Amino acid sequence: MILRILPALLAAWSAFAAVPTPRRYFGHEMGADRTVLDWEKVVGYFQLLAQSSDRIRVEELGKSTEGRPFLAATIADPETLRHLDRYIAIQQRLADPRQTPAAEAEKLFLEGKPVVLITCSIHATEIASTHTAVEFAYRLLTADTPRQRAILKDTILLLVPSLNPDGVDIVTRWYRKTLGTPFEGTAPPELYHKYTGHDNNRDWYIFSQAETRLTIAKLHNVWHPEIVYDVHQMGANGARLFVPPWLDPTEPNIDPILMQEMNMYGTAMAADLTAAGKTGIAIHGVYDFWTPSRHYQAFHGGLRILTESASARIASPANLTPGQIAETALGYNPRERSWNYLQPWLGGTWRLRDIVDYQLIAWESLLYNAALHREDLLRNFYRVGQRQVAREEPWGFEISASQRDSGATRKLIDTLRFGMVEIGRGAGGSAVVSMHQPYSGWAKTLLERQRYPEDRLYPGGPPKRPYDVTANTLPLLMGVQVKALDKPVTFSGDWTAPAPAAGPLLAAADTDSWMAVNRAWHDGKPVWRDPATGDFSLAARAGWKDLKQPRVALYQPWMPNMDEGWTRWLLDQFGFAYTGVRNREIQAGGLRQKFDVIVFADQGAAAMENGFARDAMPEEYTGGLGTKGADALREFATAGGTLVFLNGATDYAITRLGVAAKTVTPRGQAANTSEFYSPGSLLNAKVDTRSPLAYGVPAEIAIWSEHSPAWETQLPVVARYPDTGVLASGWLVGEKVIAGRAALIDAPMGAGHAILFGMRPQYRAQSYLTFKLFFNALVE
């Protein structure tokens, strides 16, 4: 007997001995108090694992936004790794039931292996999962338990140690800088992703960021994983860990099979955590399953599993008394036992290592259950595709060849295609999206108008807060005409974009014109603009004005501001030159000699005025614009400068700079009321097309409203809400509050202007239609 098992024991010991331990490599255990990781070291460790074990392959998929290696590890038994191409082929065959008859699929169910993609630390202050990735990979490569053997034999794990490598280093740098100071454990005073900060996991249908595109193009769309497990952290004063089932509402185009499987795997993970003695496990709480901005794979045949672990103070322990535990949370009470929160955690010391321990159990549970249900996962993956292909209502969608904005139209179609939607060429060069394809639900979700369910905390009470936003209708966001088709239309081949018109004329309605204009300015060439239509010319034309390149400044507060990051992304993408300005630069005055336009992204007036308090951050990051800043901004506008305020920042223009408008919508904490609520919706608006701000924009548009203001005013109004029928897509409570009110104001200030956008015109890289309003504000 001993002789029979000796070779296996020796092989296991050899593997164990060859693979370096995390402690030996990093100098500390994963999750140890006050330890953070450098991305370079994480990369080095995974590369060393690949050199030391035949159970892992490591690939650099590309570079992050700031140029760091973006990694994925594939972990399975050696025999599986030797035949990865075969398993990818199986996944691709099962992903498209039109190409795979049922009889062939039955054979593939027996041969294939479910693919599980685990993604870590997209939010860089949520550092634990990268620690967990290191330790879990090491355990899978060295341990020899029945569960781990089953995982290696019957699943394929794709492990991304971080979806945000740049953020890993940003947070590590800040944590070490403040370690041992009163500011230990705080978040850094900058976005932890160059452009998006926390919004980087809201990018999963517009695909604007490098990390999103790498993950989709090289993992999701190649491997078609049956499960995607997104590992997160949440606040410290509630449950210790959340796992599905999800709260209502759930997006209606997601297949019920997937929703049931998410319930099943989530509760299995909760059971394993409880069996391991872990308390504070919540299910069916806090997180709904509505927006596709976080759920790409659920529209592509796979499960999306989320865990949210209670956070420590980055890597420092958090000490909570029973009185510091929250009294309420969506879906459960953190202080009381309930069916979905059976063993409350009522205080104590909570460490980074506690988070790692909970995650290690959750990861193994998910993978082991995937191995146990290997055939069922594959069969249901195929079955979901069959149901998508069989969709009957609508038959499809048609995108007309005749559009105001060819650039936005092409962007919409390219976005759908990046998500694996097939688009054919219809009559007259139109683009046709048939619903008889594996990802018809994805296309339908992005092309139709959303009707978010009316949901109150109790009958007659305030609205129940959605976890994110309620609308995602790309045709409205981009200003592209799309119609649903009840009957089949003829189409063939793949749609191709028409060749762009040659010549010096550029239409104001075409978003791409702005790229050409900025290229011309960058090359030192003049640009002319028609004062009647707003069209551009790169050659002189009689009666047209010589359009000068604006000197643009963008306010950059020390309080990290995602909307400011999205604004920078937009300016960079379209080629605008700009300068970031901080509080002291504004307070110093003399702004008109340097700039023509100063932009303020969405931020509350008090935060702009006061910034961080002195006890919240080191001295150099505290304070806001203050009285000196307000005086300098008035001086700038009076001397002919333009101030542009987006969404919440408009309150600063009214309350600190004296713009004569009365806000009719509740602001701040009062925004979630029974009288008015707009939690990320698309609203109809009428535009005064005579205004230079409206060049290239139609008379009726949809604008992005997210707790956005509306006004009563006698000032020039460029856009206002209609008297009825305000909601275009999503959810709106209290239409009467904003009906007929102003949504975009052009307020004279001396020789200059203050332009108030009651919207986010550059919303998360999506709102191509209102990009033009914003661009016009910069040059007009």
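Residues numbered from 1 in each chain as written. Predicted model: local features only at pLDDT ≥ 70, side-chain atom pairs only at ≥ 80, totals over all residues. Heavy atoms only, no water.

**Overview of the overall build of the protein chain**
We count it as follows: In this text, helices come from DSSP runs of H or I with a minimum length of four residues, and strands from runs of E with a minimum of two, each type numbered from the N-terminal end. Just to be clear, the radius of gyration here is over C-alpha atoms, and the globule rule we use is 2.2 Å times residues to the power 0.38. Relative accessibility decides the category of a residue: with a 1.4 Å probe and only protein chains considered, values under 20% of the type maximum give buried, values over 50% give exposed, and everything between is partly exposed. Any two residues having at least one pair of non-hydrogen atoms within 4.5 Å are treated as being in contact. Neither His nor the chain ends contribute to the count of charged residues, in which Lys and Arg are positive and Asp and Glu negative. Taken as the charge centre is NZ of Lys, CZ of Arg, CG of Asp or CD of Glu, depending on the residue.
In terms of helices and strands, the protein chain carries 24 helices and 33 strands. Here the C-alpha atoms of the protein chain give a radius of gyration of 27 Å, agreeing with the 28 Å that 2.2 N^0.38 yields for 780 residues. Projected onto its principal axes, the C-alpha coordinates of the protein chain cover approximately 95 × 65 × 60 Å. Burial status across the protein chain gives 61% buried among its 780 residues. At a minimum sequence separation of 6, the contacts of the protein chain that also span at least 24 residues come to 78%. With 79 positive and 82 negative side-chain charges, the protein chain shows a separation of 1 Å between the mean positions of the two kinds.

**Digging into empty space enclosed by the protein**
Selection rule: Site definitions follow a grid-based scheme: protein atoms alone, a 1 Å grid, a 1.4 Å probe that fits but cannot get out for cavities, and for pockets an open set with protein on both sides within 12 Å along at least five of seven lines, plus lining residues having an atom within 4 Å of a point. Grid points are joined across faces, edges and corners, and a volume is the space filled by probe spheres set on the points. Gly counts as polar in this scheme, as do all residues outside two lists: the nonpolar Ala, Val, Leu, Ile, Met, Phe, Trp, Tyr, Cys and Pro, and the charged Asp, Glu, Lys and Arg.
On inspection of all chains with the given rule, the structure shows 7 cavities of 30 Å³ or more. Empty space within the largest cavity amounts to approximately 140 Å³. Considering the residues around the largest cavity, the lining is formed by 13 residues, among which W204, V228, D230, R294 and R304 are closest to the centre. Looking at the lining of the largest cavity residue by residue, the class counts come to 5 nonpolar, 5 polar and 3 charged. Each pocket or cavity is described by its volume, and for the second largest cavity that value is around 100 Å³. Contributing to the lining of the second largest cavity are 16 residues, with H300, G301, V384, Q388 and P438 lying nearest its centre. Those elements giving two or more residues to the lining of the second largest cavity turn out to be α5 (84–95) and α13 (374–389). Tallied by class, residues from the lining of the second largest cavity come to 10 nonpolar, 5 polar and 1 charged.

**A few points about the layout of surface pockets**
A volume near 1300 Å³ is recorded for the largest pocket. Taken together, 40 residues line the largest pocket, and the ones lying closest to its centre are R465, P466, Y467, E706 and H707. In terms of residue class, the lining of the largest pocket is built from 17 nonpolar, 12 polar and 11 charged. In this structure, the second largest pocket occupies an estimated 700 Å³ of space. Counting residues per element, the ones that place at least two in the lining of the second largest pocket are α14 (406–418), β18 (505–506) and α17 (512–522). Among the elements that make up the lining of the second largest pocket, the one with the highest residue count is α17 (5 residues). Among the residues forming the lining of the second largest pocket, the class breakdown is 15 nonpolar, 8 polar and 7 charged.

**Topic: the pattern of salt bridges**
For clarity, the threshold we go by: Here, a salt bridge means any Lys or Arg side-chain nitrogen found within 4 Å of an Asp or Glu carboxyl oxygen.
Here the structure, examined in full by the defined rule, presents 49 salt bridges. Measuring nitrogen to oxygen at the nearest pair gives 2.8 Å for the salt bridge that ties R176 to D38. Of this pair, R176 sits in helix α9 (residues 165–178) while D38 is found in the loop between α2 (22–26) and α3 (39–52), placing the two residues 138 residues apart along the sequence. Linking R93 and E104 is a salt bridge whose minimum nitrogen-to-oxygen distance equals 3.0 Å. On the criterion of sequence distance, the pair formed by R93 in helix α5 and E104 in helix α6 (residues 102–111) is long-range, its members being 11 residues apart. Note on E104: relative accessible area 28%, which makes it partly exposed. Overlapping salt bridges, with partners in common, bring together E66, R68, D166 and D169 in one network.

**Some words on the sheet that holds strand β14 (residues 424–426)**
For clarity, the cut-off: Should DSSP find at least two bridges between two strands, the strands are regarded as paired.
In space, the 5 strands of this open sheet follow the order β16-β13-β15-β14-β17, with antiparallel pairing throughout. On the outer flanks of this sheet lie β16 (482–485) and β17 (491–492), each paired with one strand and no other.

**Section: the pairing of strand β33 (residues 752–757)**
In terms of burial, β33 is a largely internal element, 5 of the 6 residues being buried. As paired elements, strand β25 (residues 642–646) and β33 share 5 bridges and run parallel to each other. For T642, the partnering residue across the bridge sits in β33 and is H753. Where strand β32 (residues 742–749) meets β33, 6 bridges bridge the pair, whose relative direction is antiparallel. Bridged to L744 within β33 is F757. From the end of β32 to the start of β33, which pair antiparallel, there are 2 residues, and G750 there has a positive phi angle of about 60 degrees.

**As for the packing of aromatic side chains**
As a reminder, the rule being used: The criterion for an aromatic pair is that two Phe, Tyr or Trp rings (for Trp, the six-membered ring) have centres within 6.5 Å, with stacked assigned to planes under 30 degrees apart, edge-to-face to planes over 60 apart and tilted to the rest. Charge over a ring is defined by NZ of Lys or CZ of Arg lying within 6 Å of the ring centre and within 35 degrees of the ring normal.
Within this structure, the stated rule accounts for 40 aromatic pairs. Considering the side-chain rings of Y296 and W442, the 5.1 Å spacing of their centres and the 75 degrees angle between planes classify their relative orientation as edge-to-face. Residue Y296 is located in the loop between β9 (288–289) and β10 (303–310), and its partner W442 is located in helix α15 (residues 440–447); the two are separated by 146 residues in the primary sequence. Using a relative accessible area of 3% as the deciding quantity, one classes Y296 as buried. On the basis of relative accessible area, W442 is assigned to the buried category, the value being 0%. Members of the aromatic cluster, connected to one another through ring pairs, are W514, F536, F574, F576, Y768, F771, F774 and F775. A cation over an aromatic ring shows up here: R240 above the ring of W350, its NZ or CZ 4.7 Å from the ring centre. Above the plane of the ring of W544 lies R541, whose end atom (NZ or CZ) is 5.1 Å from the centre.

**Section: the packing of α5 against α13**
Spelled out, the test is: Whenever a helix is involved, its axis is fitted only over the stretch in contact; in every case the axis is a line through C-alpha atoms, and angles between N-to-C directions fall within 0 to 180 degrees. To sort the angles, those under 35 degrees are grouped as roughly parallel, those over 145 as roughly antiparallel, those from 65 to 115 as roughly perpendicular, and the leftovers as oblique.
Direction vectors running N to C along α5 and α13 enclose 40 degrees, while the axes themselves pass 8 Å from each other. As summarised for this structure, α5 and α13 are arranged oblique, according to the angle between their axes. Residues Q91, L94 and A95 of α5 form the contact with α13, whose participating residues are L378, F381 and Y382. Its residues assigned to classes, the contact of α5 with α13 comprises 5 nonpolar, 1 polar and no charged.

**Focus: the nonpolar core**
Let me state the cut-off plainly: As used here, the term nonpolar core means buried Ala, Val, Leu, Ile, Met, Phe, Trp, Tyr and Cys residues forming a set that is joined through side-chain atoms within 4.5 Å.
In terms of nonpolar packing, the biggest core is built from 208 residues, with F46, I118, L159 and W363 touching the most fellow members. Per-element accounting of this core gives the leading share, 10 residues, to helix α12 (residues 352–372). If sequence neighbours within four positions are ignored, F46 has contacts with I56, V58, L71, A73, A133, V134, A137, L159 and P161. Listed in part, the 34 residues of the second largest apolar core include Y555, F595, A637 and Y652.

**So, the environment of F207**
Tracing the backbone shows F207 in the loop between α9 and α10 (210–223). For the pair F207 and T511, spaced 304 residues apart in sequence, the C-alpha separation works out to 18 Å. Setting aside chain neighbours within four positions, we find F207 in contact with T212, R213, I216, Y296, T415, F418, G419 and W442.

**Side note on the sheet that holds strand β4 (residues 156–160)**
Spatially, the 8 strands line up as an open sheet ordered β1-β2-β4-β3-β5-β10-β6-β8, and their pairing is mixed. Each of the sheet's edge strands pairs with one partner strand only, and the pair in question is β1 (56–63) and β8 (281–283). Taken over all neighbouring pairs, the strand axes of this sheet differ in orientation by 20 degrees on average, direction set aside. Pairing geometry for strand β2 (residues 69–75) and β4, over 3 bridges, is antiparallel. Paired with I75 across the strands is L157, a residue of β4.

**A look at the side chain of T642**
Relative to the helices and strands, T642 resides in strand β25. Using a relative accessible area of 10% as the deciding quantity, one classes T642 as buried. In this view, T642 contacts D596, V597, I598, F636, H753, I755 and A777; residues no more than four positions away in its chain are not counted.

**Details of the environment of R667**
The topology assignment puts R667 in the loop between β26 (661–663) and β27 (679–687). Put simply, R667 and G648 are 19 residues apart on the chain and 8.3 Å apart in space, counted from C-alpha to C-alpha. What R667 contacts, discounting residues up to four positions off in sequence, is G648, H707, S708 and P709.

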